[in-house]
Amino acid sequence: MTTPAALPAPPAAIAARGLSRAFGTLVAVDAVDLTVGAGAILGLLGPDGAGKSTVLRMLATVLRPTGGDADVLGASVLTGQDHIRPRLGYMPQHFCLYPDLTVDENVEFFATVRGIDRPERRRRRDDLLGRMGMAGVGRRRAGRLSGGMKQKLMLAVTLLTQPALLLLDEPTTGVDPVSRREFWSILRDLHDGGTTIVVATPYMDEAERCTDLAFLDAGRITRTGTPAEITAAVPGVLVEIAADSARDVVADARGRPHVVSAHVLGDLARVVWDGDPTPAVVATELGVPTGSVRAATMDMETAFTVLAERGDR
């Protein structure tokens, strides 16, 4: 029996090679190599000033690299802008629509600018605003919307051209938790429909929703992998200790054998432990009651903190 040949992997949506950008003597992005598979949700993580926005602006062809290149949707950001732009949606970090126009007027204006004919404009407007939960606010001025609704309106405008690739620069920063969940529900639907998404985010719970992650620090990619691979890179296991004074437990734990990292979360001391994780053993070594110790699942926030402390984000 002949074994069927494996299907070829789809081409990468993004393939950056040595991508760099300097502003005078300041190197904001330094020789970034990054591959994003078609259909992925890549979370771009890093501290303020790491270069996340600059990377996204270069991939969106609104900022020219000073070194290297990147193929986006099969074309170079240096020479193929006319091929890339019609198929790409880029949403910057700050609200950039017209605050004095209504929701409907903003959508209508940008659809017209992008060459969408009138019947199709109306169909896409109604569809997108309905998906965003904004069907009843079309006559409200954009400047009077809540932060979460402003971001959803910007996403609706970004999706007017039905892009194959979305680049989102911290789209939920400063947005309330309910709106963040709604926004990510929309992104998951887009992902399920085959859209490739790159999203810069400061939130570790959002990072856990991505299929792939890239950590950027001082303009360089320092680590890539799936969320599971990133958490697996942390040495040890996570244990939580309930205590009247979690800060005292953490202060006492730091520097002890087997303690990789220790931090406070509410009324819990969270300790990354690389020894025998049996609660009785942990309790004895840390001098806390056995009943106060419980195992916990390693999360992205703890992993990011530990890897940052170790200098290998």
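### Regarding the side chain of E240
The topology assignment puts E240 in strand β11 (residues 237-242). Polar contacts involving the side chain of E240 include one to the side chain of R270, which spans 3.0 Å. Among all residues touching E240, those that are not within four sequence positions of it are L268, A269, R270, S292, V293, R294 and A296.

### Things to note about the sheet that holds strand β4 (residues 67-72)
Ordered by their spatial adjacency, four strands build an open sheet running β2-β1-β4-β5, and the pairing between neighbours is antiparallel. Edge positions in the sheet fall to β2 (26-36) and β5 (75-76), since each of these pairs with one other strand and no more. Alignment of β4 against β5, held across two bridges, turns out to be antiparallel. Counterpart to V72 in the pairing with β5 is A75. Where helix α1 (residues 52-59) meets the sheet, its contacts fall on β1 (14-23), β2 and β4, and the angle it forms with β1 comes to roughly 120°.

### As for the sheet that holds strand β8 (residues 196-200)
Backbone hydrogen bonds are what pair the strands of a sheet, in a parallel or an antiparallel way. Taking strand neighbours across the sheet as the criterion, the six strands line up as β6-β7-β8-β3-β9-β10 in an open arrangement whose pairing is mixed. Here the strands that pair on one side only, and so sit at the sheet edges, are β6 (88-91) and β10 (220-225). Across this sheet, the average inter-strand angle for adjacent strands is 15°, counted without regard to direction. One ladder, built from five bridges, connects strand β9 (residues 212-217) with β10; its direction is antiparallel. Note that in β10 the partner of A214 across the bridge is T224.

So, how was this worked out
- Residue indices follow the written sequence of each chain, beginning from 1 at its first position.
- At least 70 in pLDDT is required for a residue's local features to be given in this predicted model, at least 80 for side-chain atom pairs to be given and counted, and no such filter applies to totals for whole chains, interfaces and linings, which use all residues.
- No hydrogens and no water enter the side-chain calculation; it runs on all heavy atoms of the structure.
- Helix and strand labels come from DSSP, where a helix needs a run of H or I of at least four residues and a strand needs a run of E of at least two; each type is numbered from the N terminus.
- N or O atoms within 3.5 Å of each other form a polar contact, as long as, within protein, one can give a hydrogen and the other can take it, and as long as residues adjacent in sequence are counted only when both atoms are side-chain atoms.
- Contact criterion: two residues are considered in contact whenever any of their non-hydrogen atoms come within 4.5 Å of each other.
- The pairing criterion is simple: DSSP has to find at least two bridges between the two strands.
- In this description, a line fitted to the C-alpha atoms serves as the axis of each element, helices being fitted only across the stretch in contact, and the angle between N-to-C directions of two axes falls anywhere from 0 to 180 degrees.

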